[in-house]
Amino acid sequence: MTDDAPAPESAPELAARAAQLRVAVVGAGIAGLVAAADIAALGMHVTVFEADAVPGGVVRRGEVAGISFDAGAESFATRGGHVRALIDDLGLADRVVDAAPGGAWLAGIPAVDAAPLPVGGILGIPANPFADDVRRIIGWAGAWRAYLDRLRPPLTVGHERSLGALVRSRMGRRVLDRLVAPVTTGVHSSHPDDIDTDAAAPGLNAALTRTGSLSGAVADLLAERAAQTGTAATRPGAAVQGLAGGMATLVDALIDRLGMLGAEVRTGTPAESLERGDEGWTVAVAAPQDADAAELEVDAVASDPADEIFDAVLVAADEATARHLLAPHVSALDAIPAGPSPRIEIVTLVLDAPALDAAPRGSGVLTVPGSHTAKALTHSTAKWPWLAETTGGSHVVRVSFGAQGEDPATAVLDDDGAARLAVQEASALLGVPLDESMLRGAHRSRFTQSQPATSLGAAERRAAAGRVIAGVPGLAATGAWLSGTGLAQVVPHARAEAERLRHALLWG
Ligand SMILES: Cc1cc2nc3c(=O)[nH]c(=O)nc-3n(C[C@H](O)[C@H](O)[C@H](O)COP(=O)(O)OP(=O)(O)OC[C@H]3O[C@@H](n4cnc5c(N)ncnc54)[C@H](O)[C@@H]3O)c2cc1C
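Rules used in this analysis
The numbering scheme is per chain: residues are counted from 1 as the chain's sequence reads. Per-residue local features are limited, in this predicted model, to residues with pLDDT of at least 70; the limit for side-chain atom pairs, both in listing and counting, is 80 or more; totals at the level of whole chains, interfaces and linings are taken over all residues. The basis for the side-chain values is all heavy atoms of the structure; hydrogens and waters are excluded. Secondary structure elements follow DSSP: runs of H or I no shorter than four residues count as helices, runs of E no shorter than two count as strands, and numbering proceeds from the N terminus. In this treatment the radius of gyration is a C-alpha quantity, and the globule benchmark scales as 2.2 Å times the residue count to the 0.38 power. Relative accessibility under 20% of the residue-type maximum defines a buried residue, over 50% an exposed one, and the middle range a partly exposed one, all with a 1.4 Å probe and only protein chains included. We call two residues in contact when some of their heavy atoms are within 4.5 Å. An automatic or database domain assignment supplies the start and end points of every domain. Buried area is a sum: the accessible area each of two parts loses on coming together, probed at 1.4 Å, counted once for each and added. Polar contacts here mean pairs of N or O atoms no more than 3.5 Å apart (in protein, one a potential hydrogen donor and the other a potential acceptor; neighbouring residues in sequence count only if both atoms are side-chain atoms). Any residue with a heavy atom positioned within 4 Å of a molecule or strand is treated as near that molecule or strand. Surface accessibility follows the Shrake-Rupley procedure with a 1.4 Å probe radius. Residue values consider only the protein chains on display as shielding. Buriedness of a pocket was judged along seven lines, with at least five required to meet protein on both sides within 12 Å; pockets are open sets of points on a 1 Å grid over the protein atoms alone, cavities are sets where a 1.4 Å probe fits but cannot get out, and lining residues have an atom within 4 Å of a point. Grid points are joined across faces, edges and corners, and a volume is the space filled by probe spheres set on the points. Think of it as three bins: nonpolar holds Ala, Val, Leu, Ile, Met, Phe, Trp, Tyr, Cys and Pro, charged holds Asp, Glu, Lys and Arg, and polar takes everything else, Gly as well. Here the axes come from fitting lines to C-alpha atoms, over the contacting stretch only for helices, and the angles between their N-to-C directions go from 0 to 180 degrees. Any angle that is under 35 degrees is reported as roughly parallel, and any over 145 degrees as roughly antiparallel; angles of 65 to 115 degrees are reported as roughly perpendicular and all others as oblique. In this scheme, patches are assembled from residues that exceed 30% relative accessible area and form no salt bridge. Like charges are connected within 9 Å, while nonpolar side chains (Val, Leu, Ile, Met, Phe, Trp, Tyr) are connected within 5 Å. The salt bridge definition used is simple: a Lys or Arg side-chain nitrogen within 4 Å of an Asp or Glu carboxyl oxygen. In plain words, nonpolar cores are sets of buried Ala, Val, Leu, Ile, Met, Phe, Trp, Tyr and Cys residues tied together by side-chain atoms within 4.5 Å.

Q: Would you mind showing me how to read the overall build of the protein chain here?
A: Along its length, the protein chain carries 18 helices and 21 strands. Taking 23 Å as the expected radius of gyration for a compact globule of 508 residues, we find that the protein chain reaches 24 Å, a close match to that expectation. Per-residue burial for the protein chain yields a buried fraction of 51% across its 508 residues. The contacts of the protein chain with a sequence gap of at least 6 include a subset with a gap of at least 24, amounting to 72%.

Q: Looking at this structure, how should I read the domain arrangement of the protein chain?
A: Accessible area lost upon the coming together of the parts is a frequently used measure of interface size. In terms of domains, the protein chain is made up of domain 1 (11-57 + 248-339 + 453-507), domain 2 (75-101 + 240-245 + 342-448) and domain 3 (120-229). Distance between the C-alpha centres of domain 2 and domain 3: 27 Å. Across the boundary between the two partners, domain 2 contributes 10 residues, which contact 10 residues of domain 3. When domain 2 packs against domain 3, close to 710 Å² is buried across both sides, 69% of that on carbon and sulfur atoms. It is L366, P369 and Q404 that lose the most area in domain 2 upon contact with domain 3, and together they represent 55% of the buried surface on that side. In this structure, the connection of domain 2 to domain 3 is made through two residue pairs in polar contact (both at pLDDT 80 or more).

Q: Can you walk me through the site of the ligand in this structure?
A: Surveying the vicinity of the ligand reveals 33 residues, the closest of which are E50, V58, S75, A271 and A480. Contact distances for the ligand include 3.0 Å between an oxygen atom and a backbone N or O atom of E74. Contacts to the ligand include A480, whose backbone N or O atom sits 2.8 Å from an oxygen atom. Here the ligand, which alone exposes 1000 Å², has 87% of that area covered by the protein. Put simply, the parts of the chain that give the shell around the ligand at least two residues each are α2 (30-40) and α18 (487-507). Built from parts of two domains, the shell around the ligand gets at least three residues from each of domain 1 (11-57 + 248-339 + 453-507) and domain 2 (75-101 + 240-245 + 342-448).

Q: I keep staring at empty space enclosed by the protein and nothing clicks. Help me out?
A: Unfilled space is identified by rolling a water-sized probe across the atoms. Here the structure, examined in full by the defined rule, presents four cavities of 30 Å³ or more. Approximately 120 Å³ is the volume found for the largest cavity. Looking at the lining of the largest cavity, the elements that each hand over two or more residues are α12 (319-326) and α16 (458-470). Counting residues per element, the lining of the largest cavity draws most heavily on α16, at four residues. Its residues assigned to classes, the lining of the largest cavity comprises six nonpolar, three polar and four charged.

Q: I tried to follow the environment of A41 on my own but got confused; where do I start?
A: Positionally, A41 belongs in the loop between α2 and β2 (45-49). Judged by relative accessible area, which is 51%, A41 ranks as exposed.

Q: Which parts of the structure should I look at to understand the packing of helix α4 (residues 132-151) against helix α5 (residues 163-171)?
A: The relative placement of two packed helices is expressed as an angle between their axes plus a distance between the axes. Following both chains from N to C, one finds α4 and α5 inclined at 95°, their axes separated by 7 Å at the closest point. Taken together, the axes of α4 and α5 are roughly perpendicular relative to one another. Between α4 and α5, the contacting residues are R145, A146, L148 and D149 on the first element and R168, S169, R170 and M171 on the second. Among the residues making up the contact of α4 with α5, the classes are represented as three nonpolar, one polar and four charged.

Q: How do you make sense of a nonpolar patch on the surface when you look at a structure like this?
A: A cluster of nonpolar residues, W140, W144, Y147, L148 and L151, forms a patch on the protein surface that exposes about 550 Å² of accessible area. Along the chain, Y147 falls in helix α4. Residue Y147 is classed as partly exposed on the basis of its relative accessible area of 31%.

Q: It is not clear to me how the nonpolar core should be interpreted in this structure. Could you clarify?
A: Nonpolar side chains in soluble globular proteins tend to be buried together. Residues I30, I39, V46, I87, L250, L254 and L314 are the most contacted members of the largest nonpolar core, which totals 49 residues. Mapped by element, the contributors of at least two residues to this core are β1 (22-26), α2, β2, β5 (76-77), α3 (82-89), α10 (248-260), β15 (312-315) and α18. If you tally residues by element for this core, the top one is α2, at nine residues. Taken domain by domain, this core gets at least three of its residues from each of domain 1 (11-57 + 248-339 + 453-507) and domain 2 (75-101 + 240-245 + 342-448). Residues in contact with I30, not counting those within four places in the same chain, are G56, V59, L250, V251, L254, L487, V490 and V491.

Q: Before we go on, may I ask you to explain the packing of α3 against α18 in this structure?
A: With their axes 8 Å apart at the nearest point, α3 and α18 run at an angle of 65° to one another. Relative to α18, α3 is oriented roughly perpendicular. Here H82, V83, L86 and D89 of α3 come into contact with α18, specifically with L487, A488, V491, P492 and R495. Classifying every residue of the contact of α3 with α18 by side-chain character gives six nonpolar, one polar and two charged.

This is the structure we're talking about:
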């Protein structure tokens, strides 16, 4: 410690100072709720403004025929342990569940139609192109072309940033189109050409140089992972878990935690602009969207106008909204291009269809891009035993539409039309006859997907945006557009940004 450093404060002094501070959080998605809870935990007063009638953002519930399910995010990636740590902290550890074994299928394969997704690959890249489950999908011609990868001189091997370019050049189009593209499109809404190899498969390029081939590199990394974890979690999507009761349980727990900490969450209250005055920040809100929210807000405003002046604002909305709110205060933000934000729709069907009892396509289906109108399907009751226990034998099937560069086919349809199309697609993808007479009901959700952390150029863009926002005192921002999409990215970013803001307010 230098002579100029302030004398350390006692815990009560710090708590007293924190209790004087007011922070506004805009957006009650997971990012906003996690950040709000961390800030409130230090004793600061937190007010969360949420545009929707319910909190949670993409982590939201749907309900059809009395059956409640996740209408948006339905699982979390276990990598990094960040989501699990949050779950443990919120007392939800006993709700963590694995997906049922069985894996997913691939549909739209020329001449084959559908087959189980091969085991033993990374992002769909096979370790052995002649393995039966791989060859069934890419055919002998595809397998021999992929085998050229083993024969090509290591000179052409090296550092290829684009996953699509790497796979195309080493193993050919069939591996790219039929194995890798379904995984990246279905899981990340992105084409492999837009995925950064180093971010999506750390170590792959180095292993490639070491082993001299892409399939050798995949085999090498899989062996390494198996040695580290003691398991061979080699199916795409294998390293995820869920919560009994649905991921929306996480939102309930965060709302409870915020209540215990004395924070206020105002739903139906969209922030329109942020203004900075001599006293601090104010959040201008649009007219509340429902009667309950209106009451809530009027009460709060009526209680004490000083409560509406904040020492800091943390913006945790989607990218377009966040940029709109931040732009007047962060002039350099305009110069940083926005990431692509594909529109996604999920139509969840509740079906009485005994033909689905045998889970004909395991936990769900990814599609070869261009082969089907739907991008992916999850047979939720086959994937999540906790859900199957609640449906009295009915099946819950989620059909996803839309990807980067392709609007959802449902976007032009009304709700009945979207449900009809989803039933047709489900029938085709699951390989069993399904029709509307089996439908107990349907639920439709619309989303804007943020760019995955693995997109080419995304890390640079995110870091640049984070830097210019951090340069404005009293302002902070988090959310999938800054962290990359996915709870395993969103949660640690929100916590880090909350910590940065707390630190700046107390010691800045
Ligand atoms: C369809 C879909 C499925 C997914 N599935 C998974 C999955 O299974 N596992 C996984 O890990 N990840 C999944 N993801 C990604 C993950 O869910 C998201 O990255 C994450 O939930 C984003 O959280 P967020 O808080 O940044 O944003 P959001 O959840 O979008 O929250 C932003 C909030 O800000 C609010 N808001 C917007 N404008 C305003 C305003 N003006 N004033 C106040 N509030 C405002 C919104 O209403 C919203 O509540 C999925 C994403 C999508 C789209």
